[in-house]
Amino acid sequence: MDKWKQFFRDYGWCYLFIAVPVILFLVFTLYPVLAALVMSFQKYHVLNPKWIGFDNYRMMFQDEVFWKAMWNTFVFTVGTVPLNLFITLGLAILIFPRSTRTQTFFKAAFYLPTVMSGVTLALVWFWIYDPTESGLLNMFLGLFGIENVMWLGKSNSSLFSIMFMTYFINHGAGIILYLAALGGIPKSLYEAADIDHASEWSKFKNITWPLLKPTTLYLLVTSIILSFQVFMSIYLMTQGGPNFATTTIAYLIYEHAFVYYKFGLAAAESFVLGFIIILASIAQFKFMSSDVEY
Amino acid sequence: MAEIRTADTQMSTAALQKRESKRTVWRVISYVILSFWVLVTIIPMYWMVVTSFRDIGFSATFTPEWFPSSFSIATYIRFFTKTDAVQWLINSLFVSGVITLSNVLFASLAGYAFAKLRFPGRNMIFWVLLATMMIPAQATLIPIYIMVVNVFNLADTYIAVMLPFLVTVGNIFLMKQYMSTLPSTLIDAARIDGCSEFKIFRKVIMPISKPGVAVLAIFTFVSTWNEFFWPFLVTNSSGMRTIQVGLATFKFAETVDYGGLMAGSVIAALPMIVLFFSLQRYFLQGITIGAVKG
């Protein structure tokens with residue numbers, strides 16, 4: 001008994017300090033993960049869940065829309081993440097040699113869309129893509145004699161339109177991180193390269209790129225996780241349509257769970273999504289971090 | 001001997017000049033690219049503001065104007081009279097405020113405990129918490145929704161909107177990183193003076209952690225203000241919606257009212273834009289704290 005008293009006197013404060021996060025973790029992370037796993041084997045009803053084994057998984061893998069959603073999510077990720085990373089890095093490298101004041105101006109300008117909500121950005125772009133000449137994009141293309149396009153309303157352009165939008169809104173935080181990392185590269189390395197008459201490209205390839213790898217890895221992992229979960233712009237702009245052309249996994253989960261109330265099926269799908277995201281993150285760490293000294 | 005040296009110097013002067021002009025060309029090109037990208041990033045927002053001050057009524061087609069030909073606040077009046085926008089703004093302010101305060105308190109407490117206190121299980125608990133950052137929101141969403149709405153019966157309440165966000169692991173990690181850099185001698189001195197652990201936290205740690213706390217508060221406030229999905233799921237009545245959710249429902253209810261939609265978008269974004277410009281320094285420096293170092 002005394003031992004416990006002593007323990008409590010020594011460490012009581014410490015456990016009290018972390019109590020709230022730990023309780024929230026148990027209730028809102030650990031329990032839900034386990035509950036979702038159980039739910040994915042059930043025909044779920046709040047009062048009377050019924051165990052149905054792998055039926056949800058079978059149904060999911062036989063569903064054409066599920067595979068379409070997987071493909072769309074894959075296309076969206078491949079079409080946005082690498083190109084956006086390239087744009088972010090390119091902009092950061094162009095900004096870096098400028099004076100502090102110019103740097104601050106560009107940082108602020110590129111960061112501005114980041115403080116605005118996804119809802120606002122989706123609504124503005126929804127309008128840019130308006131199928132008539134009221135839309136900014138159609139008006140602009142009209143100057144060159146191009147006819148109005150139903151950007152979001154056609155299955156061959158809708159997913160691309162949502163991808164295209166991301167090329168102009170998501171660079172702020174990445175640019176700032178890259179600028180900080182660029183500032184941390186010792187100047188002497190470049191001076192040494194200059195003595196050897198190294199070309200700009202070889203300086204980038206042999207000094208800049210390797211030393212930026214931790215930042216690149218961080219941005220790659222976070223942006224892939226986010227792009228696997230793309231939902232809001234799709235919900236607000238296309239509702240997954242037309243003809244499932246913009247239905248992503250996250251959107252499908254939303255629909256199955258909160259429109260059709262198929263909680264068991266949605267739980268199975270969300271488990272697959274979670275599994276893919278974790279695998280992808282681990283793969284990137286393995287693949288990218290082998291030669292990062294940090 | 002002397003002749004050769006002169007030739008050598010002349011050549012290097014020519015090379016230098018060539019290099020200098022190359023630099024100028026590069027500089028011009030880089031400014032052209034940067035300006036173009038800034039314009040494309042900023043134009044949608046500029047256009048949103050300009051259009052919100054035009055009274056275009058409910059016409060589905062109209063010509064976009066680059067420079068406003070008239071000034072009217074009719075769209076704003078319409079947005080505020082047609083919707084519960086005032087209530088939505090109050091809700092957003094309240095929810096974001098409470099979540100920010102709770103994150104400041106609990107993330108600082110836990111961050112301090114993980115950074116500066118020693119107790120059995122400290123590292124294990126910290127790493128378990130950190131590892132859960134990998135679990136995507138979708139995987140836990142459905143059980144959390146069922147728990148909050150069906151089990152706790154909290155649908156359409158402020159508590160439901162706030163509960164899962166009261167303290168995030170990301171914020172604990174940020175505070176731990178920040179507080180590890182504080183000198184331990186101050187804490188030891190206070191302990192020798194007989195301060196209780198909580199008093200040390202309140203009187204010694206918090207005052208010197210202000211820059212870290214400021215960054216945490218700003219980013220938490222902005223991300224909560226912009227949060228869409230969770231409040232969208234757990235609110236039903238118009239009076240409980242946050243501004244983001246309200247704006248989205250307005251979009252689906254008034255499909256032809258582009259003017260009102262742009263006015264609403266400005267209203268939803270304006271507080272964050274003002275916050276960004278008045279606290280720009282914290283925004284631009286804050287991103288690099290805790291993001292890359294890990």
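Residues numbered from 1 in each chain as written. Chains lettered and ligands numbered in written order. Predicted model: local features only at pLDDT ≥ 70, side-chain atom pairs only at ≥ 80, totals over all residues. Heavy atoms only, no water.

Let's talk about the overall build of chain B
How we decide: Only DSSP runs of H or I with at least four residues qualify as helices, and only runs of E with at least two residues qualify as strands; both kinds are numbered from the N terminus onward. A radius of gyration in this sense is built from C-alpha atoms; the matching globule rule multiplies 2.2 Å by the number of residues raised to 0.38. The contact criterion used throughout is that any non-hydrogen atoms of two residues lie within 4.5 Å. In these tables, accessible area is a Shrake-Rupley quantity obtained with a 1.4 Å probe, and a residue counts as shielded only by the protein chains included in the view. Counting rule for charge: Lys and Arg are taken as positive, Asp and Glu as negative, and neither His nor the chain ends is counted. By convention, the point assigned to a charge is CZ for Arg, NZ for Lys, CD for Glu and CG for Asp.
For chain B, the count of helices and strands is 14 helices and 0 strands. Listing the helices and strands of chain B from first to last along the sequence gives α-α-α-α-α-α-α-α-α-α-α-α-α-α. A globule of 294 residues ought to have a C-alpha radius of gyration of about 19 Å, yet chain B, at 27 Å, is considerably larger. Counting only C-alpha atoms, chain B reaches 95 × 70 × 35 Å along its principal axes. Within chain B, residue pairs in contact and separated by at least 24 positions form 72% of the contacts whose partners lie at least 6 positions apart. Carbon and sulfur atoms make up 68% of the accessible area of chain B, which amounts to about 14300 Å² in all. Here chain B contributes 22 positively and 13 negatively charged side chains, and the mean placements of these two sets differ by 9 Å.

Looking at the domain arrangement of chain A
All names here are of chain A. What counts here: Where a domain begins and ends is set by an automatic assignment or by a domain database. Put simply, buried area is how much 1.4 Å-probe accessible surface two parts lose in total, over both of them, once they are put together.
Domain assignment breaks chain A into domain 1 (2–39) and domain 2 (59–289). Using only C-alpha atoms to locate each centre, domain 1 and domain 2 end up separated by 36 Å. Taken together, the contact pairs 4 residues of domain 1 with 4 residues of domain 2. For the pair domain 1 and domain 2, the summed buried area comes to about 330 Å², and 84% of that belongs to carbon and sulfur atoms. A per-residue breakdown of the area domain 1 buries against domain 2 is headed by Ala36, Leu37 and Met39, which together make up 90% of the total.

A word on the interface of chain B and chain A
Rules: Between Lys or Arg on one side and Asp or Glu on the other, a salt bridge is scored when a side-chain nitrogen of the former is within 4 Å of a carboxyl oxygen of the latter. Distance and chemistry together define a polar contact, namely a pair of N or O atoms within 3.5 Å, with one atom able to donate a hydrogen and the other to accept it when in protein, and with adjacent residues in sequence counting only for side-chain atoms on both sides. We call Asp, Glu, Lys and Arg charged. Ala, Val, Leu, Ile, Met, Phe, Trp, Tyr, Cys and Pro are nonpolar, and the rest, Gly among them, are polar.
The partner chain A presents 89 residues to the 93 residues of chain B that form the contact. With both sides pooled, the region where chain B packs onto chain A buries about 8300 Å², and carbon together with sulfur makes up 82% of that total. Joining chain B to chain A, the criterion identifies 0 salt bridges. Where chain B meets chain A, there are 6 residue pairs in polar contact (both at pLDDT 80 or more). Among the elements that line the side of chain B that touches chain A, the one with the most residues is helix H1 (residues 2–52) of chain B, at 18 residues. Residues belonging to the side of chain B that touches chain A are distributed by class as follows: 72 nonpolar, 15 polar and 6 charged.

As for the packing of aromatic side chains
All names here are of chain B. Defined as follows: Side-chain rings of Phe, Tyr and Trp (the six-membered ring for Trp) are treated as a pair once their centres are within 6.5 Å; stacked means planes under 30 degrees apart, edge-to-face means over 60, and tilted covers the remaining angles. Per-residue accessibility, obtained with a 1.4 Å probe over protein chains only, is compared with the maximum for each type, and a residue is labelled buried under 20%, exposed over 50%, and partly exposed between these values.
Inspection of every chain in the model, using the stated rule, returns 65 aromatic pairs over all chains. With a centroid separation of 5.8 Å and an interplanar angle of 75°, the aromatic rings of Phe79 and Phe80 are classed as edge-to-face. Take Phe80: its relative accessible area is 29%, and that puts it in the partly exposed class. Here Phe198 and Phe201 contribute two aromatic rings whose centre-to-centre distance is 6.1 Å and whose plane-to-plane angle is 35°, an arrangement assigned as tilted. Of the two residues, Phe198 and Phe201 are both situated in helix H9 (residues 197–208); the distance of 3 residues between them amounts to about one turn of the helix.

Thoughts on the domain arrangement of chain B
All names here are of chain B. Assigned domains of chain B: these are domain 1 (32–55 + 67–72) and domain 2 (85–286). With 4 residues of domain 1 in contact, the opposing surface of domain 2 contributes 5 residues. Buried area between domain 1 and domain 2, both sides added, is near 400 Å², and the carbon and sulfur share of it is 89%. For the interface between domain 1 and domain 2, the tally reads 0 salt bridges.

Overview of helix H3 (residues 55–62) of chain A
Side chains of residues three or four places apart in an α-helix project in the same direction, reflecting 3.6 residues per turn. Inclusion rule: Note that the arc is defined by the directions from the helix axis to the C-beta atoms.
Taken together, the buried positions of H3(A) are occupied by A:Asn56, A:Tyr57 and A:Met60. Along the long axis of H3(A), the arc covered by the buried residues comes to 95°, so they all point the same way.

As for a positive patch on the surface
The condition that has to hold: Grouping into patches uses exposed residues only, defined as over 30% relative accessible area, and leaves out salt-bridged ones; the cut-off is 9 Å for like charges and 5 Å for nonpolar side chains (Val, Leu, Ile, Met, Phe, Trp, Tyr).
Together, B:Lys18, B:Arg19, B:Lys22 and B:Arg23 make up a region of like positive charge exposed at the surface. Tracing the chain through its elements places B:Lys22 in helix H1.

Quick notes on helix H12 (residues 243–253) of chain B
The element H12(B) is extensively covered by neighbouring structure, given that 8 of its 11 residues are classed as buried. Turning to H12(B), its buried residues number three or more, namely B:Ile243, B:Gln244, B:Val245, B:Gly246, B:Leu247, B:Ala248, B:Phe250 and B:Lys251.

A closer look at the state of the cysteines
Simply put, the disulfide is a covalent bond whose two ends are the sulfur atoms of two cysteines. Threshold: In this description, the term disulfide denotes a pair of cysteine sulfurs within 2.5 Å.
Applying the stated criterion to the full structure yields 0 disulfides over all chains. Among the cysteines around A:Cys14, which has no disulfide bond, B:Cys195 carries the closest sulfur, lying 16 Å off. Here B:Cys195 falls in the partly exposed class, since its relative accessible area comes to 26%.

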